[in-house]
Amino acid sequence: SFCSFTGWQKASLYPDWRKEFFQAVNVILDPATAHAALVLSEGNKCVTCGEESQDLPKDPQRLNSLPCVLGHSVFTSGRWYWEVNVRDSGAWDLGICRSNVMRQGKICVKPENGFWAIRSYKNEYWVLTSPEMQLSLKEHPTRVCIFLDYEGGCISFYNMTDKSHIYTFSQGPFNVSLRPFFRLWLGYSKSLTICPVPNA
């Protein structure tokens, strides 16, 4: 399984090798889900914190409690990966969520609520388990690669700056549809940009 890590799998070439077994997905942000404080640009590949909340149409898809946005892609099988440029972001949560996560009211980003994510905040890194765990990264990532092995029930994060493994959630079969998840922090975040898909 791609969830079980041996020493060589954590070696620097591993995420590049691993891409041979996963399919690159062209993640595009879904404006219908974007919190009113977020601005999408560049063909819905980049999300920025706006100066003030926009007056957006009411939409049951929209995440109203936290400044989050979902990707259009819906996963119900397969092995997939995408990369996010976090160089100019300041603070962020990145990961995957169930398609049917709660959109209104107070939301806590953790697996019990259907979120599998990591966080960067004030130069500290956390995995959003219950409780949250601090991660020690040798190098600040400028790009993060997210691997989803749907059947294997795992989600892995890699720091593509030094090709190091950040964290893997191994949680057994998902049995629900999943979508890419992005969160910015008002007052701390700048922008997140989804990296172009490599040419096949």
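Because the structure is predicted, anything quoted here is derived from the model rather than measured.

(A) View of the overall build of the chain. Looking only at helices and strands, the chain has one helix and 14 strands in total. Evaluated residue by residue, the chain yields a buried proportion of 49% over its 200 residues. Pairs at least 24 apart in sequence give 66% of the contacts found in the chain among residues at least 6 apart. Carbon and sulfur atoms provide 51% of the accessible area of the chain, an area that totals close to 9600 Å².

(B) Molecular detail of the sheet that holds strand β6 (residues 92–98). Strand order in the open sheet formed by six strands is β4-β13-β6-β7-β8-β9, with antiparallel pairing between adjacent strands. Among the strands making up the open sheet, the edge pair consists of β4 (68–70) and β9 (133–135). For this sheet, the mean inter-axis angle between neighbouring strands, taken without regard to orientation, is 25 degrees. The sheet contact formed by strand β8 (residues 124–127) and β9 spans three bridges and is antiparallel.

(C) Layout of the pattern of salt bridges. The full count for this structure, using the stated rule, is eight salt bridges. Of the charged contacts in the structure, one is a salt bridge between aspartate 30 and arginine 179, with a shortest N-O distance of 2.8 Å. Residue aspartate 30 is located in the loop between β1 (23–24) and β2 (38–41), and its partner arginine 179 is located in strand β13 (residues 178–184); the two are separated by 149 residues in the primary sequence. Of the residues examined, aspartate 30 reaches a relative accessible area of 9% and is grouped as buried. Measuring nitrogen to oxygen at the nearest pair gives 3.6 Å for the salt bridge that ties arginine 183 to aspartate 93. Of this pair, arginine 183 sits in strand β13 while aspartate 93 sits in strand β6, and the two are 90 residues apart along the sequence. For the pair arginine 183 and aspartate 93, one class covers both residues: buried.

(D) Expanded view of the confidence of the model for the chain. The pLDDT averaged across the chain works out to 87; a share of 86% of its residues lies at or above 70. Within the chain, the element-level pLDDT minimum falls on helix α1 (residues 14–18), averaging 79, and the maximum on β9, averaging 97.

(E) Broad picture of the environment of lysine 45. Relative to the assigned elements, lysine 45 resides in the loop between β2 and β3 (46–49). Given the relative accessible area of 16%, lysine 45 is considered buried. Sequence-wise, lysine 45 and glycine 71 are 26 residues apart; in three dimensions their C-alpha atoms are separated by 9.3 Å. Here lysine 45 is in contact with Asn26, Val27, Ile28, Leu29, Leu192, Thr193, Ile194 and Cys195, once residues within four sequence places are set aside. In terms of polar contacts, lysine 45 uses its side chain to reach the side chain of asparagine 26, at 2.5 Å.

(F) Summary view of the pairing of strand β7 (residues 115–121). Most of β7 is tucked away, with six of its seven residues classed as buried. Sheet analysis places β6 next to β7, joined by six bridges and oriented antiparallel. If you follow leucine 94 over to β7, its bridge partner there is isoleucine 118. In this structure, β7 lies alongside β8, joined through four bridges in antiparallel fashion. By the bridge assignment, isoleucine 118 is partnered in β8 with valine 127. In sequence, β7 turns back onto β8 through a hairpin of two residues, with lysine 122 there showing a positive phi of about 50 degrees.

(G) The arrangement of the environment of phenylalanine 182 in detail. Structurally, phenylalanine 182 can be placed in strand β13. The exposure class of phenylalanine 182 is buried, given its relative accessible area of 2%. Apart from residues no more than four positions distant in its own chain, phenylalanine 182 is found in contact with Val27, Leu29, Pro67, Cys68, Val69, Gly71, Trp82, Val84, Asp93, Leu94, Leu192 and Ile194.

What counts, and where the lines are drawn
Residues numbered from 1 in each chain as written. Predicted model: local features only at pLDDT ≥ 70, side-chain atom pairs only at ≥ 80, totals over all residues. Heavy atoms only, no water. Helix = DSSP H or I, 4+ residues; strand = E, 2+ residues; numbered from the N terminus. Buried < 20%, exposed > 50% of the residue type's maximum accessible area, 1.4 Å probe, protein only. Contact = heavy atoms within 4.5 Å. Areas by Shrake-Rupley, 256 points an atom, 1.4 Å probe, with all protein chains shown as cover. Pairing = 2+ DSSP bridges. Axes fitted to C-alpha atoms, helices over the stretch in contact; angles between N-to-C directions. Salt bridge = Lys/Arg side-chain N within 4 Å of Asp/Glu carboxyl O. pLDDT = per-residue confidence, 0-100. Polar contact = N/O pair within 3.5 Å; in protein donor to acceptor, adjacent residues only side chain to side chain.

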